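# Architecture and fold: a report
Chain residues, written in single-letter form:
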Amino acid sequence: MAFTLPPLPYAYDALEPAIDAETMTFHHDKHHQAYVDNLNKAVDADASLAGKSMEEMFATMSKLPKAVRNNGGGHWNHSLFWELMAPHGQTGEPSAELAAAIDRDLGGLDKFMADFNAAGAGQFGSGWAWLIVQDGKLKITSTPNQDNPLMDVADEKGAVVLGADVWEHAYYLKYQNRRADYLKAFWSVVNWNKVNQLYAAAI
Ligand SMILES: [Fe+2]
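Just so we're clear, the structure is a prediction, and the values are computed from it rather than from any experiment. (Residues numbered from 1 in each chain as written. Predicted model: local features only at pLDDT ≥ 70, side-chain atom pairs only at ≥ 80, totals over all residues. Heavy atoms only, no water.)

Moving on, we get to unusual backbone geometry. Between Glu16 and the following residue, Pro17, the backbone shows a cis peptide bond with an omega angle of 5°. Among the secondary structure elements, Pro17 is positioned in the segment before α1 (21-44). Within the chain, Asn145 stands out as a residue other than glycine whose phi angle is a positive 55°. Within the element layout of this structure, Asn145 appears in the loop between β2 (137-144) and β3 (159-165). On the basis of relative accessible area, Asn145 is assigned to the partly exposed category, the value being 38%. (Helix = DSSP H or I, 4+ residues; strand = E, 2+ residues; numbered from the N terminus. Buried < 20%, exposed > 50% of the residue type's maximum accessible area, 1.4 Å probe, protein only.)

Next comes the structure, spelled out in structure tokens:
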């Protein structure tokens, strides 16, 4: 069963002005499609991977081909990323449980957002900023390239609650080199309904 590109769950321009339609079009239709196509090629080339889920592959990623790591991570990370954002008016807000955990583990919402943005801005080159649940507690981390906290190669492992793509392809058309401005705008489209759901499932 081949991996497929999930449709974007909203219109290309639905996240404007935070994320422009042109960026969303290239990001979803071209970049994500390429991860899907190259993942399928890599999996087809290795009979031992037939029928395995991405999560199964992530658990043994250190032993798998680099193409599976890069493109499998690319496919999984982006599939989640689209759902982690929502059009204005549909983003919701942190649940009481999540807000309490953010206060307890991360020093409150403002500090969490600032530290998450710092993790994204500080990720050298391409990568992702993450909010994870590790041993029952919230933690901010980042990964290079298309790695994620489910992979055995990750420095910090845990269940993903939120992620932000900090590859230049996620922001360059609108923000050029201003990654910090993109991350600041990202919060206006964070789909807290989805984040709440992931947090509830993780604990
Ligand atoms: Fe991306």
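Counting 60 residues, the largest nonpolar core has Met57, Met85, Phe112, Phe116, Leu138 and Leu162 as the members making the most contacts within it. Not counting the four nearest positions on each side in its chain, Leu162 is found in contact with Leu84, Phe112, Phe116, Ala129, Trp130, Leu131, Phe186, Trp187, Val190 and Val195. (Core = buried A, V, L, I, M, F, W, Y, C linked by side-chain atoms within 4.5 Å. Contact = heavy atoms within 4.5 Å.)

This part covers the coordination of the iron ion. Around the iron ion, the protein contributes the donor atoms His27 (NE2), His78 (NE2), Asp165 (OD) and His169 (NE2), which lie 1.8 to 2.1 Å from the metal centre. Angles of 91 to 131° at the metal separate the four donor atoms of the iron ion, which places the site in the tetrahedral class. Each donor residue of the iron ion lies on the same chain, and together they follow the pattern H-x50-H-x86-D-x3-H. Here His27 is found in helix α1, whereas its partner His78 is found in helix α3 (residues 66-83), with 51 residues between them in sequence. Residue His27 is classed as buried on the basis of its relative accessible area of 2%. (Donors = N, O, S within 2.8 Å, 3.2 Å for Na, K, Ca; no water. Tetrahedral: all angles 85-135°; square planar, octahedral: opposite > 155°, others 65-115°.)

Right, let's get into the environment of Asp13. Mapped onto the elements of the fold, Asp13 is located in the segment before α1. Along the backbone, Asp13 and Pro87 are 74 residues apart, and their C-alpha atoms lie at a distance of 9.0 Å.

For the pair helix α5 (residues 109-122) and helix α7 (residues 179-186), interaxial distance at closest approach is 9 Å and the crossing angle is 145°. In this structure, α5 meets α7 at a crossing whose hand is right-handed. Residues Phe116, Asn117, Gly120 and Ala121 of α5 pack against Arg179, Leu183, Lys184 and Phe186 of α7. A breakdown of the residues in the contact of α5 with α7 according to their chemical character gives four nonpolar, two polar and two charged. (Axes fitted to C-alpha atoms, helices over the stretch in contact; angles between N-to-C directions. Left-handed = near helix turned anticlockwise from the far one by under 90°. Nonpolar A, V, L, I, M, F, W, Y, C, P; charged D, E, K, R; others polar.)

Across a regular strand the side chains alternate sides, sitting on one face of the sheet and then on the other. When you tally the buried positions in strand β1 (residues 127-134), you get eight out of eight residues, the bulk of the element. The side-chain alternation of β1 yields two buried faces, one formed by Gly127, Ala129, Leu131 and Val133 and the other by Trp128, Trp130, Ile132 and Gln134. Direction of pairing for β1 relative to β2: antiparallel, over a ladder of eight bridges. Residue pairing in the sheet places Gln134 in a bridge with Lys137 of β2. Connecting the antiparallel pair β1 and β2 is a turn made up of two residues, with Asp135 showing a positive phi of about 50°. (Pairing = 2+ DSSP bridges.)

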